[in-house]
Amino acid sequence: MLVLFAWLVSRNAPSSTTGLTDRLPIPAVSANDGCANFGTYWTETSGAGIDPAPLEMFTNCRLTDDGEWVAAGSMYGGEPIDRSSLTADQIAQLDALHVAIAEQVDRLEATLPNSVDKTFDQLYSAEPNAVVGNFREGISWGSYRTRYARIVNAAMLDPDNAELADFIGWTMARKIRGYADFRRACLANADVEMLHGACRGMEDNLSIRYAPLPWVLRDPDLIDTWFYETVVKPAAEAEESA
């Protein structure tokens, strides 16, 4: 009876919510503010002195010409290409690649089990978040991440997915290279030894060595960047050296 009386008296008291983390106040931070916090911390505040370029290659955070960090809608440094700088043949090739990638991602998604597909629906955020883009954090997806990686590996072996395989390979190499440069600079700095664990842990937290998720593979700006880096830029360099 005493216990029941105590519960009735205290059930609506402020202390009754102690331990319920879903009721704790969480400060609202915009995507731009989140990238400002992230970018400034690693380049300045922490003392790690990380170069901004690697951070842009494995996140959606961008450093503007004005020196401000912002959250972009595209991951891994993806930017729209200036079509006025392309030849007619290059424009036709780029348009064909956009169509081919879209069709091949459609086929990839059609092979996903319902459980993986439903999990991805929960993971997708229409509004980009800081660092992780359209990924919604706080949802467990470790086992689905591994299953998705196996499905992607199988899809990349299909000759009908040649363009998608090249695009995925380039994208993964880009973010792995960016993270490797970040980690190397961090671990080489003995003054921030207390951050070395965080630098190593970011590889798994951000799924650095895993295939990009379907909505990333559909990103037109990232496809444009891939085309520029693998077709336009090499062609221009070859012409200059000729």
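Reference entry: report on the structure contained in this document. Treat the numbers as computed from the prediction; the structure is a model and nothing was measured.

A few points about the overall build of the protein chain
Then, number 1: Helices and strands together make up the secondary structure of the protein chain, namely 10 helices and 4 strands.
Then, number 2: Evaluated residue by residue, the protein chain yields a buried proportion of 38% over its 242 residues.
Then, number 3: Long-range contacts, defined as pairs at least 24 residues apart, comprise 67% of the intrachain contacts of the protein chain with a sequence gap of at least 6.
Then, number 4: Carbon and sulfur atoms make up 54% of the accessible area of the protein chain, which amounts to about 13,900 Å² in all.

Quick look at the environment of F38
Then, number 1: Locating F38 in the fold gives a position in helix α2 (residues 31-45).
Then, number 2: Sequence separation between F38 and A130 is 92 residues; the distance between their C-alpha atoms is 8.3 Å.
Then, number 3: Among all residues touching F38, those that are not within four sequence positions of it are L55, T59, C61, V131 and M202.

Some words on the side chain of D224
Then, number 1: Along the chain, D224 turns up in helix α10 (residues 220-241).
Then, number 2: Nearest to the buried, unbridged D224 among oppositely charged side chains is R83, at 4.8 Å.
Then, number 3: One polar contact links the side chain of D224 to the main-chain amide nitrogen of I81, over a distance of 3.1 Å.

Rules and cut-offs
- Residues numbered from 1 in each chain as written.
- Predicted model: local features only at pLDDT ≥ 70, side-chain atom pairs only at ≥ 80, totals over all residues.
- Heavy atoms only, no water.
- Helix = DSSP H or I, 4+ residues; strand = E, 2+ residues; numbered from the N terminus.
- Buried < 20%, exposed > 50% of the residue type's maximum accessible area, 1.4 Å probe, protein only.
- Contact = heavy atoms within 4.5 Å.
- Areas by Shrake-Rupley, 256 points an atom, 1.4 Å probe, with all protein chains shown as cover.
- Lys, Arg positive; Asp, Glu negative; His and termini not counted.
- Salt bridge = Lys/Arg side-chain N within 4 Å of Asp/Glu carboxyl O.
- Polar contact = N/O pair within 3.5 Å; in protein donor to acceptor, adjacent residues only side chain to side chain.

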